[in-house]
Amino acid sequence: MGDSSSSYRAPWFCREMNRADQIIMAIPDDAASKLWGVDKGPTNVTIHTEDGCVFNVCLSASKGKIFFFHGWSNVVVHLGLTKECLVVFNPLDPTTFKLTSFIDGVSRGSSWTYMLSPSCNFYDIPQSTLPKSYDYSSNDVTSTVMIDNKTFNVSIVTYDGKVGFTVGMDVIVSLFQLEVGCLLLFTKGFGHFFYLKVFGKNGVEINYPDLDADEAEVPPLDAENEPDEHIDGCVTKFVRMAGEDYFRIPDPVSRKAKLHEGLKDLNIRFLYMDPPLQITNGTRREKRTNGRGYRYALTCWKKFMKAARIKMEQAAVTLLNNVDLNVDDYTIRIRIVRLWTRPTFNNPRKIYCYDMIFMDQEGTKMQAFVLQKNTTGYEHLLKENQCLTIRNPSMGENRQKSQICSYFIQDQSKCQHYCPRMQCACDSKSFKSPIDVIGFVVKCLPSDDKSDNNNGKDEKKTTFILEDLQHHQIYVTLWGCYADQILDFEKNNKDEKNVVVVVQFGKYRFWGGNLYVSNLYNVTRVLINSEVKEIMDFKKRFIEKLSPEISSSYSGLSSPVVKTVTEEFLSDLTFYPIGSLNSIDTTSFVVIVGTIKSFASNNEWFYNACTTCNKKVSTTTIVKQKQDGTDGVEEVTVLECKTDVCNTKNVSSVPRIRLYIRVQDCTGIVSLTLFEREVTKLLKVNANQLLDNNIELANEGSFPNELNSLLNIKFAFKIAVSSFNISKKSDGYSVSKMTNNPVILSELDKHFDTIQLYFF
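Residues numbered from 1 in each chain as written. Predicted model: local features only at pLDDT ≥ 70, side-chain atom pairs only at ≥ 80, totals over all residues. Heavy atoms only, no water.

Student: Whenever I open this one, helix 7 (residues 533–545) confuses me. Can you help?
Tutor: Note on helix geometry: an α-helix contains 3.6 residues per turn, so any two residues three or four positions apart are oriented the same way. Between its terminal C-alpha atoms helix 7 stretches 19 Å, which fits the 18 Å expected from 13 residues at 1.5 Å a residue. When we look at burial in helix 7, the residues that qualify are Ile535, Phe538 and Phe542. Buried residues in helix 7, looked at end-on, bunch into an arc of 65°, giving them a common side. Turned more than 90 degrees away from the buried face of helix 7, the exposed residues are Lys533, Lys540 and Glu544. (Helix = DSSP H or I, 4+ residues; strand = E, 2+ residues; numbered from the N terminus. Expected span 1.5 Å × (residues − 1). Buried < 20%, exposed > 50% of the residue type's maximum accessible area, 1.4 Å probe, protein only. Arc of directions from axis to C-beta.)

The following block contains the structure:
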């Protein structure tokens, strides 16, 4: 995607797509004015895609802006463009454009993009654009980067398996005064030659015709440089203090080597060794702290220190359990066990900070974060399973949403493989830490979509049951991308019944007498049948304990088919007239049709439910010491829940709807119990809202007017026939579901007519 050979030259422009751009996309004002001037542009243009297809797209104008409109959606569908895709337009002439699309920053060809961050000294090169025949891990490479016919020498180095530009890019950023948020568009040429285009924050290409790239400032002499000695015309002997993460070259040496003209390898001889050792080492450029000029240092400093047989004194390491708020000078050594990022508020593609959880050699965990703008020089080290040494931290309070503890550490020193200005957290007894669970999937409940999150987007949800080796069971509910991970595994492994799932850093709560675990924002990690020793051992031991009868009842992650309301009422359930309910002799779910005629109770329509188990709570009076410090005791009224889960705990309550209704058809009348879930579906209000609107009526024991709207309405009810109903020949059935869908009622009326004919 190099420059066009045509004599026509107009600025390129780009745009990161949003949802609206899939239908109609605005052209940047600066690009439109340079293409067509202030007058009205053409009515339509031609767009050429990378795969050779041509599309005719009409232009539309509104409120001073020009848009790609009719025909643009055909381009979007053809290229599969979605939200956050980047599209770049190269004007071949005023009415013809070449379009290149980028997904995750990489195009189908040999081009990729990089968003300029506040501080960066390593620019990733995607693996797909690297030549297959060259091993970048063995040698550092000096490449040529061209921008507006000006060339620069830029080092390509390998850090932790990633290949990227380093020294030399700082010269480009400084010389062209590139701002944070600019978009860099790289195109791979022949060998180690690259083209670079820069797009401003407005999405329009920036040209630099008046800059002279050869006027780089020669670094001035460092004040702290030690004296050097000239042995002959080409060799310089010098003394230098070695740092543990760098080895800087004195300015006279860098000038003599002409490093300001281009980076090169230096031959280094260690004269103190017997016999003297000579090695070849690369160089790198770094900006001075005062911002004026550059200085130079050796690359691969670990290799250099090893060859030079220089050993740095190791600081004493403090364990996380021994961190003292009153001590400022100490060192911790940890491994990152979980890492995630948070975007900036106004740009979701830009990283604001790195959050992490790390652990020391004793297994003690802490929480930490570091601002992206403070990660200069070590951002490539921030990855999971990386071991770091952090020196001289200080404590701070943890106020993040996803907490594993209540205090932070802020680190402001330097050390090997360490992260300065990192904030960490220590343990606190007042916080309930996230939970790690492992279990065998015994059942998966129907998955569904939920759209009541803050941003209004649909969010997938899936729930399944895990069982451990002691046959304890818990419910696991996962949302969003974690639910997608489960559903993708189920889709690709439909016949797999033996599934072990590990949930790390999950949050938990008790509900209805059961333990529920769910993902903790984006902190959680989920492993499914992974090739991990602990998972494989657990799976083997669990299967050995399974009997064939129990194993056949486990469904794994195969989700049951979610039935529609019509299927649930018409396909699998047995229909009964109300007058025939007493003839049922087995526990089951049945369907009845009837009209709500009245409320069975004149003074009760809600109850106070336990927030833990959802059962009814009652009040009781206890005697306790007075709280004002005086002698004696006082009677206090407290809430009491008598279930096994809550009996010994302090409980709280929330109002829930519970209606006793009388339902009638032509064969009889029956009492049913209706709960909040079904009432909320019909009336769109819950008990709290009804009480807020009708608190006086509630105190008098009457029904709110909103509930009266249920009277004299015909419904189909799915009810549960329990063993109590059968043995006592008693009504008082619980409603599982209800609907007034006219199609369902019509079909059930046909069943009713058939049954009536049979009886008569």
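Moving on, there is more to tell.
Student: Any chance you could explain the pattern of salt bridges here in plain terms?
Tutor: Where charged atoms from two side chains of opposite charge come close, those side chains can pair. Enumeration over the complete set of coordinates arrives at 16 salt bridges. Across the salt bridge formed by arginine 349 and glutamate 16, the nearest N and O atoms sit 3.6 Å from each other. Highlighted residues: arginine 349 in the loop between strand 23 (331–343) and strand 24 (351–359) and glutamate 16 in strand 1 (residues 13–16), separated in sequence by 333 residues. Here glutamate 16 falls in the partly exposed class, since its relative accessible area comes to 30%. Arginine 656 is the partner of glutamate 676 in a salt bridge, and the nearest nitrogen-oxygen pair spans 3.5 Å. With glutamate 676 in helix 10 (residues 676–683) and arginine 656 in strand 42 (residues 653–665), this pair connects stretches of sequence that are 20 residues apart. Residue glutamate 676 is classed as buried on the basis of its relative accessible area, which comes to 12%. Note on arginine 656: relative accessible area 22%, which makes it partly exposed. Where salt bridges share partners, they join Arg338, Glu384 and Arg525 into one cluster. (Salt bridge = Lys/Arg side-chain N within 4 Å of Asp/Glu carboxyl O.)

Student: Could you clarify how one ought to interpret the nonpolar core in this entry?
Tutor: The nonpolar side chains of a soluble globular protein tend to be buried, and buried together. Formed by 45 residues in total, the largest nonpolar core has its most connected members in Phe165 and Leu184. If we ignore the near neighbours within four places in the chain, the residues touching leucine 184 are Trp112, Thr113, Tyr114, Leu116, Tyr123, Met169, Leu178, Leu196, Lys197 and Val198. Val590, Ile592, Ile657 and Leu659 belong to the second-largest nonpolar core, a separate cluster that totals 31 residues. (Core = buried A, V, L, I, M, F, W, Y, C linked by side-chain atoms within 4.5 Å. Contact = heavy atoms within 4.5 Å.)

Student: So what exactly am I meant to see when it comes to the pairing of strand 13 (residues 162–165) here?
Tutor: For a regular strand, side chains alternate in direction, first toward one face of the sheet and then toward the other. With two bridges connecting them, strand 10 (residues 123–124) and strand 13 associate as antiparallel partners. Bridge pairing in strand 13 places tyrosine 123 opposite phenylalanine 165. Relative to strand 13, strand 12 (residues 150–159) runs antiparallel, the two being bridged by four bridges. If you follow valine 157 over to strand 13, its bridge partner there is glycine 164. What sits between the antiparallel neighbours strand 12 and strand 13 is a turn of two residues, in which aspartate 160 has the positive phi angle 50°. (Pairing = 2+ DSSP bridges.)

Student: Would you explain unusual backbone geometry in this entry?
Tutor: Keep in mind that most residues, glycine aside, have a negative phi and that most peptide bonds are trans. Notably, glutamate 84 is not glycine yet its phi reads approximately 75°, a positive angle. Turning to its location among the elements, glutamate 84 is positioned in the loop between helix 2 (72–79) and strand 6 (86–93). Residue classification places glutamate 84 among the partly exposed positions, given a relative accessible area of 44%. Positive phi is not limited to glycine here, since asparagine 385 has a value of about 75°. Tracing the backbone shows asparagine 385 in the loop between strand 25 (365–371) and strand 26 (387–391).

Student: What is the right way to look at the environment of glutamate 635 in this model?
Tutor: When you line up the elements, glutamate 635 lands in strand 41 (residues 633–640). The exposed category is assigned to glutamate 635, whose relative accessible area is 65%. Between the alpha carbons of glutamate 635 and glutamine 625 there is a distance of 8.8 Å; along the sequence they are ten residues apart. Apart from the residues within four sequence positions on either side, glutamate 635 is in contact with Thr621, Ile622 and Val623.

Student: Before we go on, may I ask you to explain the sheet that holds strand 21 (residues 283–287) in this structure?
Tutor: Strands in a sheet are paired, the pairing made by backbone hydrogen bonds, and the direction either parallel or antiparallel. Spatially, 18-22-21 is the arrangement adopted by the three strands of the open sheet, whose pairing is antiparallel. Across the chains shown, the open sheet's two edge strands, defined by having one partner strand only, are strand 18 (248–249) and strand 21. Pairing of strand 21 with strand 22 (residues 294–298) involves five bridges; the strand directions are antiparallel. Of the residues in strand 22, the one forming a bridge with arginine 285 is tyrosine 296.

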